[in-house]
Structures are given as structure tokens and as C-alpha cells.
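Fold and contact review
Listed below are the residues making up each chain.
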Amino acid sequence: MRHGGTDGGTSLVTRNGDRWALLATLAVSLALGSCASADVMSVGSITPYAPTEQRVAPEAPRTPAKFSRGEGTPSPSFRAFVSALWPDAQARGVSRSVYDAAFSGVTQDEKIIALTKKQAEFVKPVWEYLASAVSPNRLERGTPMTRQWASALDTIERTYGVDRKVVMGVWGMETNFGGFTGSHYVVRALATLAEAKYRGDYFRNELLTALVILQQGHVSPERMEGSWAGAMGQTQFMPSSFMRYAVDFTGDGRRDIWTSVPDALASTANYLKQHGWQPGLPWGFEVKVPAGFRYGRQTMSFAAWASHGVRRVDGRPLSGAGEARLFLPAGASGPVFLVTANFDVIKRYNNSDAYALGVAHLGDRLYGGAPVQAPWPTDQVPLAKHEREEVQRHLASRGYDIGEIDGRIGSQTRDAIFAFQESRGLVADGHADNRLLAQLRQTR
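Residues numbered from 1 in each chain as written. Predicted model: local features only at pLDDT ≥ 70, side-chain atom pairs only at ≥ 80, totals over all residues. Heavy atoms only, no water.

An unreviewed UniProt entry annotates the protein as Lytic transglycosylase originating from Chelatococcus daeguensis.

Written out as C-alpha cells, the structure is:
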């Protein structure tokens, strides 16, 4: 899961094997961005998995090779780390036999250390990201799952009040409906990161929590597989999130998010419920706006948006309880959505607008929803990281609060862009592109 941090909200880690981990880490810091400080999923919040770049799970179902506990012998510093960890594990109720079994043959994983040093420079356009998230192959694999698990989803939806489409969307995005849940031994991965003090003490605490999970018998060490940052199971929970939100839906005494689909889906629904999911409120939908529409940052009722000429693209009435705001993932030249507070709840799973849109749209499509209707501005060239940082520096120099200058266009930066655009009489869509950068360079 993730944790609160800066404006950007990239996640630390990826899951599902070295190849996927590397691709995901390099993949995106989407100019779409993760949201503002409080929303950001970096290693401090409590989302189901560790903070990672926006990523899309591999499509083809694969059976990972049995994960390795290590090669060769552990370094002296790693041996010292494991030895020094024992008193804290014991204090949490971990027995010596469980502790020794968990660490038997474990060495540090240098590949994981290398992955932590990768930096994403370029941004994946949102339309490319969404095409991967909601690909024909993923829909072909996921649609039968909606029928296979319909009875469990009925009960989960009644119990937690969370829309089954979103639960299925998370499952599909995280592991391609269980097709690939990771190829790393979680204890080894977390111990590697903890011994290196990556992100301070965060991974040390996750490691201790993983040992408690083993002590409680929810999974054996041989089945405790996950990402290189320790995200586990069908819907990728970090150990601390597992302890807070995972549920024993089947009643067998174990919270088995690895092999029990009902446990994994119910745990995801519980996570979303505990983070504020509002039953009966849609995540949002695509809309049309009238010509010359003046965009803004305000949140209004559906009725108020309708009074401003905003219409759903599917022709359904724009009505119902609740409020929404405009979301323009590619700026005013691309599709426009109205999104609600439940869209933000999805982002507690991964603090990225692109990820939340992927989850929501995938879930809708699995249940017969239409593709995005408006064309994407595919001629746009996304800003590189240094250009996004330049945008932030220009805005900060003009007194706008953008948080940390990190090249991630989150909600703070978006708000600053809106304000700048409005002050210059520009189309205020909050979007960072080459035209915005040119304006900032000209108006010093």
C-alpha cells in the first residue's frame, strides 16, 4: 500500500517479478499525477500495497517459478540485521521457530536494491495507460470472472456497500485477476529494503508485521509471495494493510488473500469502505460540456452541473444525490469526466488519477460499459520530468503553493496551474503541457 507524502504520489515499488517491477518503476509518473500531499501514496499511508509508479498488471496469466530465498551467503551486515531484529519480533509475539523458518536460507537481494534507484524520466500518456489497463485481453480474462464470482460479489457488495465493479477493477489492475501475484519471497524482499534503510523504518515495520502474519498462520513462508516491495496476494496488500483491513470472508480461520478469491475481494471492499466509500455514489462518468464552457475547480451537485449545460455522454440524466468535480486527464482537448468522492477513495489504493481512472473504467467495461467516447489528443507530447519540474519552479517563483518540486503533477500543482491560467485569461483546465510551459516562460 501507500502512504502520505508529497504532491506527486508515485509509489516506491512494483510487484509481480523483476520484469514487471522494472517496467512499472520506469513506466509513469503521469502528468495526470497523483494527488496532493495528504492523498499521496508514498511510503507512509496505509493503502493495500507499497507506493509505486502507476502500473498495469501483466495480462497473460502466469504461474511464477518458486521464489528464491537467496543465493550464496548473506553479507555480514545482513546477518547482523537479522540477528538484531529478533528481540523486536519476539516482542510482537513471534516464536523462535517461526522466526528461524522465515529467515532460513534468506540473503539480501541486490536486484531489489537496484530497482530502488531507478528513476522515471518520461511520462506515459494517459490514453496509452488506459489502453493497457482496459485491453481486450484483460476484458476477455475478467468478464468470465464477474460471472464465476457473482455470488461472492453479491454478498461482498451487501456487506461493505462497495460497488462490485470497482472491486473487480482493482483485482484486474493489481494482478490481472490473480494471473500473477508476484515472484518474490516477501520476507526476503522486505528484509533487503529494511536492512538498506530504504524509506527509513517503514520496511522494517512491514517486515515485522509480515512475521506476525506468519505467526498467526494466515499463510506459510512457501506461499508468502509478492512484489519486490512486499505487496502480497490477489489484490496486493502490504503487511500493515493486511493486518488492518484483510478479512476472513470464507470463515476458515485464515485471511487468505493469496489463494482465496473471496477473501481477497472482500478485503479490498473492506479497505475501500474503511477509507470512506459512499454506497450508492458513482465514481463518476464521462460528460460533454457546452461550447465555450468555462472550466473550474469547484465541486457542485449533479443538478448544478446539469444547470451549466454539462451532460453525460451516455445520454442518461445527470441527477442523483452527491457532488462531483470536473476531471480533465488530458486537458481541455481530451475527454472530460465528472468524478466524485469515491474516485478519491480509489486513489487511496494507489494515489494516481490514472490508476483510479483505470480501475473505474475497467470495472465499468467488465459489466458492459462503453469505451471512452471523446477522442484523446494523441498528438500531445508529454512533458519530460525536467520540464515538469520547470513548470513547478515557475509557479513557485510566482508565489503559488505547489508543494515539493519533484516533477509530479499532483493536486497542489494542478490547483496552482488553474490559478495561473485563470489569472492570464487562459483556458483553465489545470493541465501541464508544452503550451503551459511556454506561457510560464514568457510571463516572468
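Moving on from the coordinates now.
With that settled, consider the pairing of strand E7 (residues 336-339). What you see with E7 is no split at all: Val336 and Leu338 on one side and Phe337 and Val339 on the other are buried throughout. Judged from the 4 bridges that link them, strand E3 (residues 284-288) and E7 form a sheet pairing that is antiparallel. What sits directly across from Phe285, in E7, is Leu338. When strand E6 (residues 323-327) meets E7, the two strands line up antiparallel, connected through 3 bridges. Bridge pairing in E7 places Arg325 opposite Val339. (Buried < 20%, exposed > 50% of the residue type's maximum accessible area, 1.4 Å probe, protein only. Helix = DSSP H or I, 4+ residues; strand = E, 2+ residues; numbered from the N terminus. Pairing = 2+ DSSP bridges.)

The next point concerns the layout of surface pockets. The gaps of empty space that remain are located by a probe, the size of a water molecule, rolled over the atoms. Considered as a void within the structure, the largest pocket measures approximately 550 Å³ in volume. Gly284, Phe285, Arg312, Asp314 and Asp364 are, among the 23 residues lining the largest pocket, the residues nearest its centre. Residue assignment for the lining of the largest pocket shows that the elements contributing at least two residues are E3 and helix H15 (353-366). Per-element accounting of the lining of the largest pocket gives the leading share, 3 residues, to E3. (1 Å grid on protein atoms, 1.4 Å probe; cavity = no way out; pocket = protein on both sides within 12 Å on 5 of 7 lines; lining within 4 Å. Points joined across faces, edges and corners; volume = space filled by probe spheres on them.)

One way to put it is that helix H9 (residues 186-195) packs onto helix H10 (residues 202-215) with a least axis distance of 8 Å and a crossing angle of 155°. What the angle tells us is that H9 and H10 run roughly antiparallel. Crossing of H9 over H10 shows left-handed handedness. The segment H9 lies against H10, with Val186, Val187, Leu190, Ala191, Leu193 and Ala194 engaging Phe203, Arg204, Glu206, Leu207, Ala210, Leu211 and Leu214. Tallied by class, residues from the contact of H9 with H10 come to 11 nonpolar, no polar and 2 charged. (Axes fitted to C-alpha atoms, helices over the stretch in contact; angles between N-to-C directions. Parallel < 35°, antiparallel > 145°, perpendicular 65-115°, else oblique. Left-handed = near helix turned anticlockwise from the far one by under 90°. Contact = heavy atoms within 4.5 Å. Nonpolar A, V, L, I, M, F, W, Y, C, P; charged D, E, K, R; others polar.)

This part is about the nonpolar core. Phe103, Leu211 and Met224 are the most contacted members of the largest nonpolar core, which totals 93 residues. Among the elements that take part in this core, H10 stands out by supplying 9 residues, more than any other. Once residues lying within four places of it in the same chain are set aside, the contact partners of Phe103 are Arg69, Val82, Leu85, Val187, Ala191, Leu207 and Leu211. One finds Val287, Phe293, Met300 and Leu328 within the second-largest nonpolar core, a separate group that totals 15 residues. (Core = buried A, V, L, I, M, F, W, Y, C linked by side-chain atoms within 4.5 Å.)

Spatially, E4-E6-E7-E3-E5 is the arrangement adopted by the 5 strands of the open sheet, whose pairing is antiparallel. Each having just a single partner strand, strand E4 (299-301) and strand E5 (311-312) make up the two edges of the open sheet.

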